Amino acid sequence: MALKNPNALLTLQFDGKEELAVAKDVQRHPIKPVILHVDLLLVKKGEKIVVDVPVHIEGESAPGTIHFQEASTLQVLAEATHLPESFVVSIDGLEEGAKVLASDVKAPKGVEARG
């Protein structure tokens, strides 16, 4: 269930030790609801890592216009134990031709946009 969320932080137990890991990629069967493979990145508390965080649009486009989302994720540098699940960008009240850039997205403290 944890792998349904992007960048899920997992606690792994093996050989009597606990390790923290972030799921970097999950490969699923194209038809069956089965996970085929998971790529994990071992992390430590306080360590900063680069991850892609989903961006969700909310609100209505200006009358007579449509909105276009060029990127569905935003690459950020953040502590492995404080990764944001997603960013929400509101387009309510934006005029025709307005743009929202990565630098306009409000990130939590300690999270910085990359690229």
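Per an unreviewed UniProt entry, the recorded name for the protein is 50S ribosomal protein L25, and the organism is Demequina litorisediminis.

Asker: Quick one: what's the story with the pairing of strand E2 (residues 17-28), residue by residue and with numbers?
Answerer: In the sheet, strand E1 (residues 9-14) pairs with E2 via six bridges, with the strands oriented antiparallel. Opposite Phe-14, over in E2, you have Lys-17 as the bridge partner. Where E2 folds back onto strand E3 (residues 35-43) in an antiparallel hairpin, the turn is made up of six residues.

Asker: Give me the lowdown on the UniProt feature "domain: Large ribosomal subunit protein bL25 beta" (unreviewed entry) in the protein, citing residues and values where you can.
Answerer: Using the residue numbers shown here, the UniProt feature "domain: Large ribosomal subunit protein bL25 beta" (unreviewed entry) corresponds to residues 48-112. Overall, residues 48-112 shows 0% helix and 35% strand. The separation of its end C-alpha atoms is 10 Å.

Asker: Run through unusual backbone geometry, naming residues and quoting values.
Answerer: In this model, Asp-15 sits at a positive phi of 55 degrees, which is unusual for a non-glycine residue. Position of Asp-15 among the secondary structure elements: in the loop between E1 and E2.

Asker: Could you give an account of the sheet that holds strand E5 (residues 73-79), with specific residues and numbers?
Answerer: Reading across the sheet, the four strands line up as E6-E4-E5-E7 and stay open at both edges, with mixed pairing between neighbours. The open sheet has two edge strands, strand E6 (87-90) and strand E7 (112-113), and neither has a second partner. Judged from the two bridges that link them, E5 and E7 form a sheet pairing that is antiparallel. Residue Leu-77 lies in a different strand from E7, and its bridge partner there is Glu-112.

Conventions used here
Residues numbered from 1 in each chain as written. Predicted model: local features only at pLDDT ≥ 70, side-chain atom pairs only at ≥ 80, totals over all residues. Heavy atoms only, no water. Pairing = 2+ DSSP bridges. Helix = DSSP H or I, 4+ residues; strand = E, 2+ residues; numbered from the N terminus. UniProt positions renumbered as here; feature names shortened; annotations may be inferred.

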